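# Observations on the three-dimensional arrangement
Below, each chain spelled out in residue letters.
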Amino acid sequence: MASCAGVKSARVHFRSLDVETFAKYIERDDVYVVDVRTPEEYAAGHIEGVDCNLNVRSATFFKDYQSLPKEKTIALYCKGGGRSKQVAGVMAGNGYKVVELSVGYDGWVKAVAEQAVRDSKEIGMPFVVSHLPYVKGGFVNKTDEFMEDFGRKMIQAIEVAK
């Protein structure tokens, strides 16, 4: 029977951050923000201030990520949090200091939209999409379930505000 005695487990360390913490983190000068989604996903909308779109599904990904600055903390995000966690593990295992957005871009958009609605209610102003900070790209054109649900919530919020 084989023994595991003497085998060292390599522990890979990176931090998964919630939206609020990630938002504060990426404003720092020592942080390099990387979107690891496909170019199509990136073009449809992304977090403002992204330094690099590095497609984790690209055949050249493992070569490409090595050009990222090791002197900065790499802040990663993807669509839902899965790909960024995988990339964070790889990069942390190769000497990078890494954080990642636990809920991905979809969670970011949802949190930003919910905050914008709360802010609009607080100041007694109707919510408009232009109130959304940190979002660039096709936010208004998204037709996924989130946006449909978001639209229903916005109509309800407007009705309550009347």
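The paragraphs below set out a description of the structure included in this document. All residue numbers here refer to positions counted from 1 along the written sequence of the relevant chain. Local features in this predicted model are restricted to residues whose pLDDT is 70 or higher, and side-chain atom pairs enter the listing and the counts only when it is 80 or higher, whereas totals over whole chains, interfaces and linings include all residues. Note that the side-chain values use all heavy atoms of the structure and ignore hydrogens as well as water.

## As for the sheet that holds strand E5 (residues 73-77)
Pairing is parallel in the open sheet, where five strands are placed in the order E1-E6-E5-E2-E4. Strand pairing shows two members of the sheet lacking a second neighbour, strand E1 (15-17) and strand E4 (52-53), which therefore form its edges. For two strands to pair, DSSP has to find at least two bridges joining them. Starting at the N terminus, helices and strands are each numbered in turn, a helix being any DSSP run of H or I of at least four residues and a strand any DSSP run of E of at least two. Relative to E4, strand E2 (residues 31-35) is paired through two bridges, and the arrangement is parallel. Residue Asp 35 lies in a different strand from E4, and its bridge partner there is Asn 53. We call two residues contacting when some pair of their heavy atoms lies within 4.5 Å. For helices, the fitted axis covers only the stretch in contact; all axes are lines through C-alpha atoms, and the angles between them, taken along N-to-C directions, range from 0 to 180 degrees. Running over the sheet, helix H4 (residues 82-93) touches E1, E5 and strand E6 (98-101) and is turned about 180 degrees from E6.

## Regarding the side chain of Asp 35
Within the secondary structure layout, Asp 35 lies in strand E2. Burial classes follow relative accessibility: with a 1.4 Å probe on protein chains only, a residue under 20% of its type's maximum area counts as buried, one over 50% as exposed, and anything between as partly exposed. Residue classification places Asp 35 among the buried positions, given a relative accessible area of 0%. Other than its neighbours up to four places away in sequence, Asp 35 contacts Tyr 42, His 46, Val 50, Cys 52, Asn 53, Leu 54 and Tyr 77.

## Considering H4
Every helix has an expected span of 1.5 Å times one less than the residues it contains. Taking 1.5 Å per residue, 12 residues should reach 16 Å; H4 reaches 17 Å between its end C-alpha atoms and fits that length. Looking only at H4, the buried set comprises Arg 83, Ser 84, Val 87, Ala 88, Gly 89, Met 91 and Ala 92. Against the buried residues of H4 lie helix H2 (39-44), helix H3 (61-64), E5 and E6. The first or second residue beyond H4 is Gly 95, which carries a positive phi of 90 degrees.

## Remarks on the pairing of E5
Extensive coverage of E5 is indicated by the burial of five of its five residues. By the bridge criterion, three bridges tie E5 to E6 in an arrangement that is parallel. By the bridge assignment, Ile 74 is partnered in E6 with Val 98. The β-α-β motif built from E5, the intervening H4 and the parallel element E6 has right-handed crossover chirality. Orient the strands so they point away from the viewer; a crossover is then right-handed if the path from the first strand over the helix to the second runs clockwise.

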